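# Chains, contacts and geometry: an overview
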Number of protein chains: 2
Amino acid sequence: MSSLQRVNPRVRGMRGSPQAALQSLAARITQEISQGAQKSFTEVIDVESGDPHGAGMKSISFVRQVLAVCLCPQLLKDKSLPLDVRLRAQSLLESCDGGSVGAYTPSSGLHRVRQSIAEFITRRDAGAPSYAKDIYISAGSQMAMMVLVKMMASGQGETPAGVLTPAPCPPKLPMLLDDAGLTLVPYRLTEERGWAVELDELHRALEAARGRCEPRAIYLSNPGIPTGHMQDRKSIEEVIRFAAAEKLVLLADEVYQDSVYGAGSEFVSYKRVLFEMDKHLSDTVELVSFHSLSSGCMGECGLRAGFMEAVNMDAGVMHYVDTLMCFDISAPVTGQLALDLMVNPPKPGDASYDTYTQEILLTRATLSQNAQRAWHFLNALPGMSCQPAMGGIFLYPSLRLPAAITEQAEALGVEPDALYCQRLLQEEGVIVGAGCQHGDAAAAAADRRHLRLCVLVPPDTLAEALTRLGSFHLRLADACSPPNRKWDAQTRAQILNGDKVCTTARNQV
Amino acid sequence: MSSLQRVNPRVRGMRGSPQAALQSLAARITQEISQGAQKSFTEVIDVESGDPHGAGMKSISFVRQVLAVCLCPQLLKDKSLPLDVRLRAQSLLESCDGGSVGAYTPSSGLHRVRQSIAEFITRRDAGAPSYAKDIYISAGSQMAMMVLVKMMASGQGETPAGVLTPAPCPPKLPMLLDDAGLTLVPYRLTEERGWAVELDELHRALEAARGRCEPRAIYLSNPGIPTGHMQDRKSIEEVIRFAAAEKLVLLADEVYQDSVYGAGSEFVSYKRVLFEMDKHLSDTVELVSFHSLSSGCMGECGLRAGFMEAVNMDAGVMHYVDTLMCFDISAPVTGQLALDLMVNPPKPGDASYDTYTQEILLTRATLSQNAQRAWHFLNALPGMSCQPAMGGIFLYPSLRLPAAITEQAEALGVEPDALYCQRLLQEEGVIVGAGCQHGDAAAAAADRRHLRLCVLVPPDTLAEALTRLGSFHLRLADACSPPNRKWDAQTRAQILNGDKVCTTARNQV
């Protein structure tokens, strides 16, 4: 191990992500500021990470109060905490060995929490049956996904297994599949139709994969990550029929199911749609769906818990999932208990009901208003356009990059959108995500790229981030435009104010 | 995925552990009892798992109080909690993004906690330098080990990398190495010399590995898992020189470092010994040491946190550890903060100091007294003998099994010690660990096997478990003895009382 030659070649082949590079740069800048460096900003704003609490969003009091009591049972007698909080904590502690969150749990999670989750799913899906035995709790949905794809991998020397994955897709998905030895089979979402999943494109992708790998699964996120699109029932039905015909396992990433805000949009799970289709489908199509404590309104990324539900999967096969989950020992118990609270919020009449309801409504309102505001703002910027987002916590605008940027990127050997993000961070102290980390680079034209913005942040933070992004974007456009195309001060102010000059502005570039 | 044929062959090759089988059986028995089945016992006692809280040991109040406040910051103003608890929580929250335990942390952990750990190590090791950059926090020490061995694995088609591992070794280590594609190179610990690590045996093992794999590391646990032995400084120096000569990375599992109770025993870390050796060694020998929140006095298994320190490891190599740790996103934040508390206990003068000190002393006293008591008891049982244990939370007695058991085991295709454990559970409702899960089966004679007992449990629990184990053991011996060798009632009572008839009893079998 004394030289790089001795690192596992598969590990050596992993490339650092542009996201990691931006975060390191941000840490360096923050350090420079703390050492007195003069910049045009006093702190770095992160609207890239999808980390609501890190950005300053508040936690849900009920969840934190119950967990505090579970950790410190002397608080069971603390009357400054609501009665339902203390009763709930007592009941949760009874499901832990030794009555302690310090005990191990089965590797698939506490039975009681799995049971609560199954009941939640049945309620959510209008009665479609769900069973505790099919629920696997893990330290976040990504861990569950890792276990599942590891099980699907082919043996050495065999044709590799493949997974159909959307482009764009969540940032870590390609690395995760690659690590497990699975081949990515990208299918493009149609941006101009609101990031629609198109059946023709699925067939094309599958056809293109023939010979290269044996496709075994199709991954979808709904609400879409990072696009914010929503699939309607008809689109889900199409995908289910496609999966059935092609004998693919459906991997439905539904972690943002509680963060749907688009007018007329409603979350309908793959499970529900499947169970309302013909019996020959509902009894046979293999579906695994994922949910998480980190995503959406809870936003409890630091507690590390999520789960998957396996539907129509062979029990013998899922036995190996149990075996694989032992490696991780179990999800942290505080996270497991928080999942129970997520799926069992306070009921009308409970002491915590009003506060809980207000906090959730406020979070949802912030998300919805922020998304609207950012969408208008981004669409007003020259060269930028953003499809309407309906759910999730990200916007994913496309932007036309000036030739000067694409040429500089080529000279530096980096993706042009990553360069844009890097300069934005250096000049204005704002981190946004580069589209290239969403498996988007290969498909993209050099001058037409994407950014990812997390909008579940406090409204002031978003406002400041957008203003800085706007300044940078206009300055860049100015610098790259012929002298007679500069923005006059008034137009500039209008653009930074929002959507007023949208059409004019975009026509000018 | 609709048939077992499509499961990754490497995953399909994983065998369920005897431990998992025992736990399932225990769950079934518990269910039967709850449904009214009549047994000679009313509940199953688990002295196998190494799960102190699960068995009823108490948590450390200071740790739980601080974590409760961190989760629920309204408690910062709760005067029923000690002042130092609230100040500590405030200070820890300042190190979290957004001041929330709900935020993501860097994948190697919060910088502040890594810094605290480095300072703790420097104090522990009499000034040997330690740096935050070399500390990697993970969701338990097993996760850190998994990352490290994955990095060490060879590529496809290359000679596999190997790791020297003790026999007996911790139960999941073989599966973990196997999963990463590394070859186990077992070296035997010498039981009759108190499970000593012998240099000749290390050379023999290395020689035997030639051609089969390329040995890259040697794993040791100190205090020993599951043997409870302690290496002295001289033995550690020998191993360090061996590793240096053979260019092996030292993997020092020191998770039970705070649980040393043997008379005259003292924990000395590999790091400290290395840094007090010649400079050509202290500057070059590659060492990774592991510690955990789950082990020893804290026993916080459910919070899922541990760490490793990398010493003399190439920075370029460790960069890949950072990359691999991203897969796990990060250790849960409550666990990370608990690590900070573990390495920074209250100081004299702090409001929590007295309680904390009493609780830790009580835990240590329980461990030490339990270990003594169990050791005497086990040595008094016919056919059983146990080396003195010095540290850790396990005893690992050897036992001579009656021919009837070994023959029955052979007929059933199970290991004889696993059968012993299964019958003990069925007949007396006690779970102890089977030696065969410690990589011990191949080396063992069919009639000479081992058991593992966790002794960090409440004293009453231990007493009850030992009584049941003794009854079962004597009954088994009776059933398998010729008629004139039965135990009379008085001898039987004496044996179950402890060490009085030790010699006689053992001579009789």
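Okay, so let's go over this structure. (Residues numbered from 1 in each chain as written. Chains lettered and ligands numbered in written order. Predicted model: local features only at pLDDT ≥ 70, side-chain atom pairs only at ≥ 80, totals over all residues. Heavy atoms only, no water.)

## What to know about the pairing of strand E4 (residues 183–188) of chain B
Residues and elements named next belong to chain B. Judged by which residues are buried, E4 turns out to be one-sided: Thr 183, Val 185 and Tyr 187 face inward and are buried, whereas Leu 184, Pro 186 and Arg 188, on the alternate face, are not. Bridge analysis of strand E3 (residues 161–167) against E4 gives 6 bridges, and the strand direction is parallel. By the bridge assignment for E4, Gly 162 is matched with Thr 183. Note on the crossover from E3 through helix H7 (residues 173–180) to E4: the handedness is right-handed. (Buried < 20%, exposed > 50% of the residue type's maximum accessible area, 1.4 Å probe, protein only. Helix = DSSP H or I, 4+ residues; strand = E, 2+ residues; numbered from the N terminus. Pairing = 2+ DSSP bridges. Right-handed = clockwise from strand over helix to strand, strands pointing away.)

## Describing the interface of chain B and chain A
Across the boundary between the two partners, chain B contributes 80 residues, which contact 80 residues of chain A. Carbon and sulfur atoms make up 61% of the area that chain B and chain A hide from each other, which totals about 6700 Å². Where chain B touches chain A, the interface holds 2 salt bridges. In this structure, Lys 150 of chain B and Asp 179 of chain A form a salt bridge, with 2.7 Å as the shortest nitrogen-oxygen distance. Across the contact surface, chain B and chain A share 20 residue pairs in polar contact (both at pLDDT 80 or more). Taken together, the elements giving at least two residues each to the side of chain B that touches chain A come down to helix H1 (9–12), helix H3 (61–71), helix H6 (141–152), H7, strand E5 (214–221), helix H12 (315–325) and helix H13 (333–343) of chain B. (Contact = heavy atoms within 4.5 Å. Buried area = accessible area lost by both parts, 1.4 Å probe. Salt bridge = Lys/Arg side-chain N within 4 Å of Asp/Glu carboxyl O. Polar contact = N/O pair within 3.5 Å; in protein donor to acceptor, adjacent residues only side chain to side chain.)

## As for the packing of H3 of chain B against helix H4 (residues 83–94) of chain B
Residues and elements named next belong to chain B. Relative orientation of the contacting elements H3 and H4 amounts to 55°, with a least axis distance of 8 Å. With respect to each other, H3 and H4 are oriented oblique. Helix-helix and strand crossings are classified by hand; for H3 and H4 the assignment is right-handed. Taking contact as the criterion, the partners of Phe 62, Gln 65, Val 66, Val 69 and Cys 70 in H3 are, on H4, Asp 84, Val 85, Arg 88, Ala 89, Leu 92 and Leu 93. In terms of residue class, the contact of H3 with H4 is built from 8 nonpolar, 1 polar and 2 charged. (Axes fitted to C-alpha atoms, helices over the stretch in contact; angles between N-to-C directions. Parallel < 35°, antiparallel > 145°, perpendicular 65-115°, else oblique. Left-handed = near helix turned anticlockwise from the far one by under 90°. Nonpolar A, V, L, I, M, F, W, Y, C, P; charged D, E, K, R; others polar.)

## Some details on the relation of the copies chain B and chain A
After a rotation of 180° and a shift along the axis of 0.0 Å, chain B superposes on chain A with an RMSD of 0.0 Å. Look at the turn and shift together and you get a two-fold axis relating the two. Of the C-alpha atoms belonging to chain B, the one lying closest to the rotation axis is found on Ala 68 of chain B, 2.0 Å away. By residue overlap, the copies meet face to face through one surface: 100% of the interface positions of chain B are interface positions in chain A. (Least-squares fit on C-alpha atoms with pLDDT ≥ 70 in both.)

## What to know about the pairing of strand E6 (residues 249–253) of chain B
All names here are of chain B. With 5 of its 5 residues buried, E6 lies for the most part within the structure. Note: E5 against E6, 5 bridges, orientation parallel. By the bridge assignment for E6, Ala 217 is matched with Val 249. Taking the sense of rotation as the criterion, the β-α-β connection linking E5, helix H9 (residues 233–246) and E6 turns out right-handed. Here 4 bridges tie E6 to strand E7 (residues 287–292), and the two strands are oriented parallel to one another. Residue pairing across strands places Asp 253 opposite Phe 290, the latter belonging to E7.

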